[in-house]
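Overview (structure and organization)
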Amino acid sequence: MIVGDLLHLDDLDIRLAWGTPELLARQITGVTSTDLQDPARYLQPGELVLTGLVWWQPEDSSAALRFATALRSARVAALMAGEGTHGAVPASLAEACRTHGIPLLAVPAGTSFRAVTDRVYLRLWGGLQAGVQDAAAIPEAARRELAGLIDSGAQAADVLAHAVSRLGVPACSVSTTGGRVIAEPPAAAAVAPAGPAATTGSGSSAGAGTGTALPVGPQENSPFDGWLLHGGPAAEGAATPMLRGLADLLAPLAARAHAEAAARRLAAGRLLGLLAADGPADLAEALAACGLPAEGPLVGVAARIDGGPDDWAAYALAEALHPLGVPFAAGTDPAGRTAALVAAPAARVAERLRRARPALQARLTGRRGLRAGVGPASPAAAGPLRAALVQARYVLAGAAGPIGSTAELDSLAGLLRGIPPEVTAAFHARLLAPLAAHDRENAVSLLGTLTVFLDHDGSWARTAESLHIHVNTVHYRIRRIEELTGRNLARLQDRLDLRAALLCAPAGR
């Protein structure tokens, strides 16, 4: 399929915004949807790139050129820009594409990216099958049946069940690369990915998969959302070419799912953008676009992947939250912060994230780590939702483990963990530096005495017993502590200040 073919697809009304006959003759190898400002690292040569233009802002005169530069560096075939966000393709984008020699096509607001990806992948698959006549591959009649199912909008489970029944291939399943089961034939044993990913997905144990695992369609922008076709040990050998043909056949469904997921992330990003702005906001339309209930309650979740791209956490959240079976919106706001709003109780959301994390973490390499904070439930209004997300981000910043919840903020120590370490270290030094200086020059530890004294609720006798010293010695040391800190340990307020300062000790002290 070449770029120019896109202009002749029935009912899509795609128009040429800029391009030469030579550029329109470029071959298309795949499709990727993105709204990143710099998507180069996620793109493959020859791909058709679809964008909703969320990244483009009129006041940023260089945004279009930066985007086009990224596409050129990835050697993509063409760019298709949706007109739904801004009403038209920006002139600056057309000029940037002209500068870098990238054909630019306009997708009208009434045409969905799903329709585009479906049509492209059906054409690509048809071309592939026309050039490959393997005796062990899918027979022509069966191919036509399966292609007809896909073209009619059938779900992956229905196509897979028909393929297993019609072709006699061994029981197989489709999952995301994050381990979530997409489809498996009815009444057939699931074949799930081997290793840690087999423990995630729908939350049920799907059995160990030790056979074939073939990529299906585009292996998109993160480690979590590509599709894999799994065949068990019985699928090895003669059945493998047929499974490859089935994986090729399922590619349009994978592309459709990726396009739908991209649209959901886009809608979530718009909702999060409204909540990130100051002042009142009418959320009704944005909530409806995300499929969220207008009245709530909704639970706010904040997430990040340490050492990874900002948007990867949005893919990971979607993978983790899907099995809940409730409406949710996961995306990235204009500041690059990933968050989600979920129509489920906070405790249930936190438990789902804890169950899903091991398999998702197993997909990450190096020192990258997935972390999340779960906020409280709140009504679906701007003020309460902003507050819920602030609390979720606070928990994310200070949780003792990789998944934290505001339900765990029930102590002074828990509360202090969310404060930036630079602030807590300065507070610790401001109040306790005189005691630290004393301890460096003396065998007696006043910091240790203060800790034990506060641990025993200010009891002179129990402190003396714990330290194995006379109670008069405790009185002497406490007086010395009060002199050096300027605090009176008979006062509750001063005790609280010093307790907080001890809890703010930098890690390792």
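Below you will find a few notes about this structure.

**With respect to the overall build of the protein**
On a plain count of helices and strands, the protein comes out with 18 helices and 14 strands. Burial statistics for the protein: of 509 residues in total, 50% are counted as buried. A separation of at least 24 residues holds for 66% of the contacts in the protein among residues at least 6 apart in sequence. Carbon and sulfur atoms make up 55% of the accessible area of the protein, which amounts to about 22500 Å² in all.

**Overview of the pattern of salt bridges**
Under the counting rule described, the total for this entry stands at 13 salt bridges. One salt bridge connects Arg499 with Asp455, and the closest N-O pair in it is separated by 2.7 Å. Of this pair, Arg499 sits in helix H18 (residues 492-503) while Asp455 is found in helix H15 (residues 446-455), placing the two residues 44 residues apart along the sequence. Its relative accessible area of 46% is what places Asp455 among the partly exposed residues. One salt-bridge network, held together by shared partners, links Arg487, Arg491, Asp494 and Asp497.

**Regarding the packing of aromatic side chains**
Across all of its chains, the model carries two aromatic pairs by this definition. With a centroid separation of 4.2 Å and 15° between ring planes, the pair formed by Trp55 and Phe67 is classed as stacked. Here Trp55 is found in the loop between strand E3 (47-51) and helix H2 (63-74), whereas its partner Phe67 is found in helix H2, with twelve residues between them in sequence. For Trp55, a relative accessible area of 8% gives the class buried.

**Some thoughts on the layout of surface pockets**
Volume-wise, the largest pocket comes out at about 1300 Å³. Around the largest pocket, the lining comprises 49 residues; the ones closest to its centre are Asp35, Val54, Ala262, Arg265 and Leu266. Elements supplying a minimum of two residues to the lining of the largest pocket: E3, helix H4 (113-130), helix H8 (251-276), helix H10 (312-321) and strand E11 (328-332). Broken down by element, the residue count for the lining of the largest pocket peaks at eleven residues, all from H8.

About the criteria used
- Residues numbered from 1 in each chain as written.
- Predicted model: local features only at pLDDT ≥ 70, side-chain atom pairs only at ≥ 80, totals over all residues.
- Heavy atoms only, no water.
- Helix = DSSP H or I, 4+ residues; strand = E, 2+ residues; numbered from the N terminus.
- Buried < 20%, exposed > 50% of the residue type's maximum accessible area, 1.4 Å probe, protein only.
- Contact = heavy atoms within 4.5 Å.
- Areas by Shrake-Rupley, 256 points an atom, 1.4 Å probe, with all protein chains shown as cover.
- Salt bridge = Lys/Arg side-chain N within 4 Å of Asp/Glu carboxyl O.
- Phe/Tyr/Trp six-rings, centres within 6.5 Å; stacked < 30°, edge-to-face > 60°.
- 1 Å grid on protein atoms, 1.4 Å probe; cavity = no way out; pocket = protein on both sides within 12 Å on 5 of 7 lines; lining within 4 Å.
- Points joined across faces, edges and corners; volume = space filled by probe spheres on them.

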